[in-house]
Amino acid sequence: MNTFDAGHYDVIVVGAGHAGVEAGLAAARRGAKTLMLTLNLDMIAFMPCNPSIGGPAKGVVVREIDALGGEMAKVIDKTYIQMRLLNTRKGPAVRALRAQADKHLYIQEMKKVIENEPNLTIRQGMVKELMVEDGVCKGVVTETKAAYTADSVIVTTGTFMRSKVLIGDLAYESGPNNQRASTDLSVQLEELGIKMVRFKTGTPMRVNSHSIDYSKTEIQPGDEVPRAFSYETTEYIMDQIPCWLTYTNEFTHKIIDDNLSSSAMYSGMVKGTGPRYCPSVEDKIVRFHDKPRHQVFLEPEGRNTEEVYVQGLSTSLPENVQKQMIETVPGLEKAEIMRAGYAIEYDSVIPTQLWPTLELKAVEGLFTAGQINGTSGYEEAAAQGLMAGINAASKVLGKEPVILDRSQAYIGVLIDDLVTKGTDEPYRLLTSRAEYRLILRHDNADLRLTDIGYEIGMISEDRYARFQDKKRMINEEIERLKGITIKATDQVQEVIQQAGGSPLKDAVNAYDLLKRPEMKFEMVASLLEERKDLPEAVEEQVEIHTKYAGYIQKSEQQIERMRKMENKKIPEDIDYDDIHGIASEARDRLKEVRPLSVGQASRVSGVNPADVSILLVYIEQGKIAKVSGDEA
Amino acid sequence: MDTDTISAISTPVGEGAIAIVRLSGPEAVSLANGMFQGKDLNQVDTHTIHYGKLLDPKTNEMVEEVMVSVMRAPKTFTREDIVEINCHGGLVSVNRVLELTLSQGARLAEPGEFTKRAFLNGRIDLSQAEAVMDLIRAKTDRAMNVALKQMDGRLSHLIQKLRQELLEVLAQVEVNIDYPEYDDVEEMTNELMIQNTRQVHQEIERLLRTAKQGKILREGLGTAIVGRPNVGKSSLMNALVHENKAIVTEIPGTTRDVIEEYVNVRGVPLRLIDTAGIRETEDLVEKIGVERSRQVLQEADLILLVLNNGDTITQEDKKLFEAVEGMDVIVIVNKTDLPQQIDMDELREVAGDHPIVSTSLIEEQGIDQLETSISDIFFEGDIDTGDMTYLSNVRHVQLLNQAKETLEDAMDGMNAGMPIDMVQIDVTRTWELLGEIVGDTVQESLIDQLFSQFCLGK
Ligand SMILES: Cc1cc2nc3c(=O)[nH]c(=O)nc-3n(C[C@H](O)[C@H](O)[C@H](O)COP(=O)(O)OP(=O)(O)OC[C@H]3O[C@@H](n4cnc5c(N)ncnc54)[C@H](O)[C@@H]3O)c2cc1C
Ligand SMILES: Nc1nc2c(ncn2[C@@H]2O[C@H](COP(=O)(O)OP(=O)(O)O)[C@@H](O)[C@H]2O)c(=O)[nH]1
Ligand SMILES: [Mg+2]
């Protein structure tokens, strides 16, 4: 190709979806001169599906991104139309925030941040080719023949890889929302020996708000208590917009049933594997035939648009069937469809081909992040983008890679699952994937990760000082409570009784009183002579650390055990064929995954405890061999 | 290296008059000391041996008289602190001692783990590394095969059932957490969860009780030799005992002063029932009558029914066959050195599916075939052993005990009003522990359950 030299960058990010923007910002913030290339500058961090961010597990990820100096939390805090804290009636480990986003404002806000980031250049353009020489990625070439060289390249092309949109019997090559598909890149990755798999997902129709009869639906307002994702946010949006709830019924189901054969997903046109947790409405009817109704949430897509997202009716039925179907739903009888629902099929990289830094094992300097790695969801994409950006910068700047483990963050769980186990459907984070979820709470993401964010230069001195303050206050208050004795006075018994607890027999210290499940921090504080003026977030930490100390301790012991195995590193040049006695299935899997630690090895499917023991012995043997070699 | 303390029986089971339970790790000495009545082991010199009694710290009951040797790191096999508890070689004693160490916080050693530790701590040199790997492989494979073979079908079925019950509870909790707006599932409350887990807890307790009584687990395979007078029962008994170095153990705590014989036949521990009676050449059926003998026979896991080759099958023989109907029986036609009077066709008809072995005890013929027959019947799992099987199940019992404890933690949490997602941590752990018993702990199955049980999504 006749190319022109368009310059050199430390890091190039291909794509500006949720993964791409975090990758670009992180690399730039760490000091790497960074270029982002994307198809359409008006669609930066676009939400092709539901206009919402957060939820269980995912909401925790957003806060983790924030604690590591990423952007998602801050931007959603400026652009939400509604914020809710979920699982409030459950324990602190599973609480999470979810925001309904103004998806258009979100784009603008994110674009502004990127445009104003020093060290970061953003440019519209389609990358057609990666420059790869001798297994090392050296840069990219766009379709307009601009050749950029770089030390590291991060590909975050999401659902655009050789993607195909399907509605009824209509099928055409296209990215989401009629954007262009990225086919050359997909073909080239395959030529480079990267194994790909075909996945699918889908989205429901959007309808005009004026055509909805809300009186037939239930209102779903946001919380009145102001809350935000970012630990840095101090201003809250109080003007919130509600969502609405309605249901499908037997008539809806009959229409779907009668027309199943015309759905792209059921006519055999779609070959990719879809996610179980985001089934199309066709799937729901087929798999759960006996359910009389399904929930349908109506979610506004922004403040300055009448488009409403119809959550629950993701479909690839023909447009006329979509219309018939929707008219059976209370409140939507006269709904005007503005955009039809569709399914999309795309290529993604089998993620066990990645190191935990998200660099491809087969091509040095080439990272992939986001939906291209087989995940689904904005938060999952953003988290990977952030980590790929951090690690691409590490590589360029000659710094240590940053790998979070399963006890440090949901981000660690996500990436470890991907690179160790792979996935056979689009991967979504769930709280049940985290074995230490009691530690991975949304209220303590800052306590878990700010130190790391600071160390790698993603957290400002100011912010770090505030964080240190918070930590200090928490510890001091816990110590203080331990030293205060509360006598069994009438006033005390009264408070306890009102909370539904059993009366005190003897005096206790305030700490032990707070341990009781029914005693809130507020109540205990009201019994103290001196009430410290502490931020709410500090009081919350004091309460959680006190009340759940036993459980937290148990988790920490588990983590300590896990860490021991995690700390046993496997040399990168290990030759699995040389290991005597390892079972052949385990050998094959280990050769493929090439785990970095014995802990990671033990999570590879097909590797059993005996293989792990043998591996340990082999590694130790290597150490001894080195020592005795030195002596010789 | 690993910082936990491991424990295992380090002598071949049931094969010596003395057995050794070995502990290795940082807690080895203090752990042993906690159950030892005698000198303070924490204070004694290294590489010394001490006489005393083992007490169960929970009940303060005496378990065994023992000799305990204390060897402190680094001059030990594993380069960790090692304690060896020398006890009676009987299966009962040695298992009880092992179980006690486990209940005190030791972990049952993995196959080859002492050697592995020795290696990792630099005690064994490089040239032996391959041998260590072979050992781990071989021991693990064998242990796994044996464990699988010995896992009673019903037991594994039951555990799977308990796991499934827990899994459904867990999935319901998870769905409430991951899909808080999903309205189709009943909210899993502490009350509901208590109901569900209580049932599982009862089942686990029941299993543990049967494990406690589990004759085979603790006492070997109860074996009764029956037959008319003079067919050769005592001779058979002696033959088995002589061939296999019988261990005579006094069973403590029993009122009748019975002496039972243990023999180890090709790895199958046999406990010969009512051997005293047989020794005196008195006939079991004659002595106590058919009704009582039926009862005694009920206690047995295996019947060796002896007939005389030099005699025809009598009415009495047939009664015996009836008495042992439905049990695991090996029919022995003894005295093949005498001219054959027995009608083999008739015998095959009476004997039905039971294997028939011919012996001449006086000429020491056929004993090999008999032993093969015993070990076949055992390892094919044909023996009716109640709910639990034998020895390697110490691991199962330990896991089951842990499962019970974590479930109790969960129940305590529920009663204390802890949030469901906290309590759930302990329930999940229980589920995992049960999974370890049947060799299956894949996290993915919870997620599968979630999506197959509930209709979730956008
Ligand atoms: C129809 C549909 C339905 C979905 N449904 C759900 C759902 O129900 N639940 C859920 O969690 N997630 C869903 N998603 C997924 C979610 O949108 C993605 O996970 C998330 O947006 C992925 O972010 P990303 O940054 O990896 O990729 P994307 O957001 O797809 O961004 C890719 C970026 O790469 C750019 N690009 C592509 N090719 C090139 C090239 N050759 N050169 C330069 N730039 C390029 C694009 O312009 C874009 O900026 C859905 C997505 C679609 C399209
Ligand atoms: N010929 C012959 N005699 C045997 C054999 N086994 C045992 N005997 C003899 O049979 C008699 C009774 O044996 P014993 O073992 O006491 O029979 P029990 O009454 O069934 O216990 C003894 O004299 C034995 O020596 C054998 O295989 N062949
Ligand atoms: Mg006799």
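These numbers were taken from a predicted model, which means no experiment stands behind them. (Residues numbered from 1 in each chain as written. Chains lettered and ligands numbered in written order. Predicted model: local features only at pLDDT ≥ 70, side-chain atom pairs only at ≥ 80, totals over all residues. Heavy atoms only, no water.)

Sorry, what's going on with the site of ligand 2 here?
Residue and element names in this part refer to chain B. In the region of ligand 2, 16 residues are neighbours, and Asn230, Lys233, Ser235, Asp337 and Leu361 sit closest. In the model, an oxygen atom of ligand 2 is placed 2.7 Å from a nitrogen or oxygen of the Asn230 main chain. Look at ligand 2: alone it shows 580 Å² of surface, and the protein chains cover 77% of it. The leading source of residues in the shell around ligand 2 is helix H8 (residues 233-243), at three residues. Tallied by class, the residues present in the shell around ligand 2 amount to five nonpolar, seven polar and four charged. (Near = heavy atom within 4 Å. Polar contact = N/O pair within 3.5 Å; in protein donor to acceptor, adjacent residues only side chain to side chain. Areas by Shrake-Rupley, 256 points an atom, 1.4 Å probe, with all protein chains shown as cover. Helix = DSSP H or I, 4+ residues; strand = E, 2+ residues; numbered from the N terminus. Nonpolar A, V, L, I, M, F, W, Y, C, P; charged D, E, K, R; others polar.)

So what exactly am I meant to see when it comes to helix H4 (residues 103-115) of chain A here?
Given 3.6 residues per turn, any residue in an α-helix points the same way as the ones three and four places further on. Residue and element names in this part refer to chain A. Its 13 residues give H4 an end-to-end C-alpha distance of 18 Å, which sits within 8% of 18 Å, the value for a rise of 1.5 Å per residue. Listed as buried for H4 are Lys103, Tyr106, Ile107, Glu109, Met110, Val113 and Ile114. The backbone nitrogen of His104 has a side-chain oxygen 3.1 Å away, supplied by the residue at the start of H4, namely Asp102. (Expected span 1.5 Å × (residues − 1). Buried < 20%, exposed > 50% of the residue type's maximum accessible area, 1.4 Å probe, protein only.)

It is not clear to me how the environment of Leu449 of chain A should be interpreted in this structure. Could you clarify?
Residue and element names in this part refer to chain A. Checked against the element boundaries, Leu449 lands in helix H11 (residues 445-455). Leu449 sits in the buried class, given a relative accessible area of 0%. Here the alpha-carbon distance between Leu449 and His294, two residues 155 residues apart in the chain, equals 39 Å.

Where do I start with the packing of H11 of chain A against helix H12 (residues 461-483) of chain A in this structure?
When two helices pack together, you describe them by how their axes are tilted relative to each other and by the distance separating the axes. All names here are of chain A. With their axes 11 Å apart at the nearest point, H11 and H12 run at an angle of 145° to one another. When you trace H11 past H12, the crossing you get is left-handed. Residues Asp446, Leu447, Thr450, Asp451 and Tyr454 of H11 pack against Glu461, Tyr464, Phe467, Lys470, Lys471 and Ile474 of H12. Split by residue class, the contact of H11 with H12 holds five nonpolar, one polar and five charged. (Axes fitted to C-alpha atoms, helices over the stretch in contact; angles between N-to-C directions. Left-handed = near helix turned anticlockwise from the far one by under 90°. Contact = heavy atoms within 4.5 Å.)

For this particular structure, what's the right way to read the sheet that holds strand S3 (residues 52-54) of chain A?
By definition, the strands of a sheet pair up through backbone hydrogen bonds, in either a parallel or an antiparallel sense. Residue and element names in this part refer to chain A. In spatial order, the strands read S3-S5-S4; together these three strands make up an open sheet with antiparallel pairing. Both outer strands of the open sheet, S3 and strand S4 (80-86), are each paired with one neighbouring strand and no more. The mean angle between the axes of side-by-side strands here comes to 20°, regardless of whether they run parallel or antiparallel. Sheet topology note: the S4/strand S5 (residues 96-101) ladder contains six bridges and is antiparallel. Note that in S5 the partner of Met83 across the bridge is Ala99. (Pairing = 2+ DSSP bridges.)

Would you take a moment to explain the environment of Ser280 of chain A for this structure?
All names here are of chain A. The residue Ser280 is located in the loop between helix H6 (250-258) and helix H7 (281-287) in this model. Sequence-wise, Ser280 and Leu39 are 241 residues apart; in three dimensions their C-alpha atoms are separated by 28 Å. Those residues in contact with Ser280 that sit more than four places away from it in its chain are Met265, Ser314 and Thr315.

Would you take a moment to explain the sheet that holds strand S10 (residues 164-167) of chain A for this structure?
All names here are of chain A. The sheet built from four strands is open, its strands ordered S11-S10-S19-S12 with antiparallel pairing. Lying at the two open borders of the sheet, with one neighbouring strand each, are strand S11 (170-173) and strand S12 (196-203). With strand direction ignored, the average angle separating the axes of adjacent strands in the sheet is 20°. When S10 meets strand S19 (residues 342-349), the two strands line up antiparallel, connected through three bridges. Paired with Leu166 across the strands is Ala343, a residue of S19. Across the face of the sheet, helix H5 (residues 183-191) comes into contact with S11, S12 and S19 while running at roughly 150° to S12.

Explain the UniProt feature "binding site: (6S)-5-formyl-5,6,7,8-tetrahydrofolate" (unreviewed entry) in chain B to me, please; I cannot follow it from the model alone.
Look at the UniProt record and you will see "binding site: (6S)-5-formyl-5,6,7,8-tetrahydrofolate" (unreviewed entry) annotated at Arg22, Glu84, Arg123 and Lys458 of chain B. Residue contacts for Arg22 of chain B: discarding those within four places in its chain leaves Ile6, Ser7, Ala8, Ser10, Phe77, Ile82, Val83, Glu84 and Phe114 of chain B. (UniProt positions renumbered as here; feature names shortened; annotations may be inferred.)

Explanation requested: the confidence of the model for chain A in the structure shown.
Reading predicted coordinates in detail is not appropriate for stretches of low pLDDT. For chain A, per-residue confidence averages 93 on the pLDDT scale, and residues scoring 70 or more make up 98% of the total. Note that pLDDT drops below 50 for residues 624-632 of chain A; the model gives that stretch four contacts with residues more than four away or on any other chain. (pLDDT = per-residue confidence, 0-100.)

Explain the pattern of salt bridges here, please?
Side chains that differ in charge, positive against negative, can pair when their charged atoms come close. Taken as a whole, this structure holds 65 salt bridges over all chains when the rule is applied. Between Lys103 of chain A and Glu301 of chain A there is a salt bridge, with its nearest N and O atoms 3.4 Å apart. One end of the pair, Lys103 of chain A, is in helix H4; the other, Glu301 of chain A, is in the loop between strand S16 (295-300) and strand S17 (307-311), with 198 residues separating them in the sequence. Like Glu301 of chain A, Lys103 of chain A is buried. With a shortest N-O distance of 2.6 Å, Asp4 of chain B and Arg107 of chain B are connected by a salt bridge. You can see Asp4 of chain B sitting in the segment before strand S1 (6-9) and its partner Arg107 of chain B sitting in strand S7 (residues 107-108), a full 103 residues away along the chain. (Salt bridge = Lys/Arg side-chain N within 4 Å of Asp/Glu carboxyl O.)

Got a minute to help me understand the packing of aromatic side chains in this structure?
We describe a pair of aromatic rings using the distance from one ring centre to the other and the angle between the two ring planes. Residue and element names in this part refer to chain A. Summed over the entire model, instances satisfying the criterion amount to four aromatic pairs over all chains. Between the aromatic rings of Tyr214 and Trp244, the centroid separation amounts to 4.6 Å while the plane-to-plane angle is 35°, which identifies the pairing as tilted. In this pair, Tyr214 is assigned in the loop between strand S13 (206-208) and strand S14 (218-220) and Trp244 in strand S15 (residues 243-247), connecting sequence segments 30 residues apart. Take Trp244: its relative accessible area is 18%, and that puts it in the buried class. (Phe/Tyr/Trp six-rings, centres within 6.5 Å; stacked < 30°, edge-to-face > 60°.)

Could you clarify how one ought to interpret unusual backbone geometry in this entry?
Leaving glycine aside, a negative phi is the common case for residues, and trans is the common case for peptide bonds. All names here are of chain B. Residues Ala73 and Pro74 are joined by a peptide bond in cis, for which omega reads 0°. Counting through the fold element by element, Pro74 comes out in the loop between strand S5 (61-71) and strand S6 (82-88). The backbone of Asn60 sits at a positive phi, close to 60°, despite the residue not being glycine. Among the secondary structure elements, Asn60 is positioned in the loop between strand S4 (48-56) and S5.

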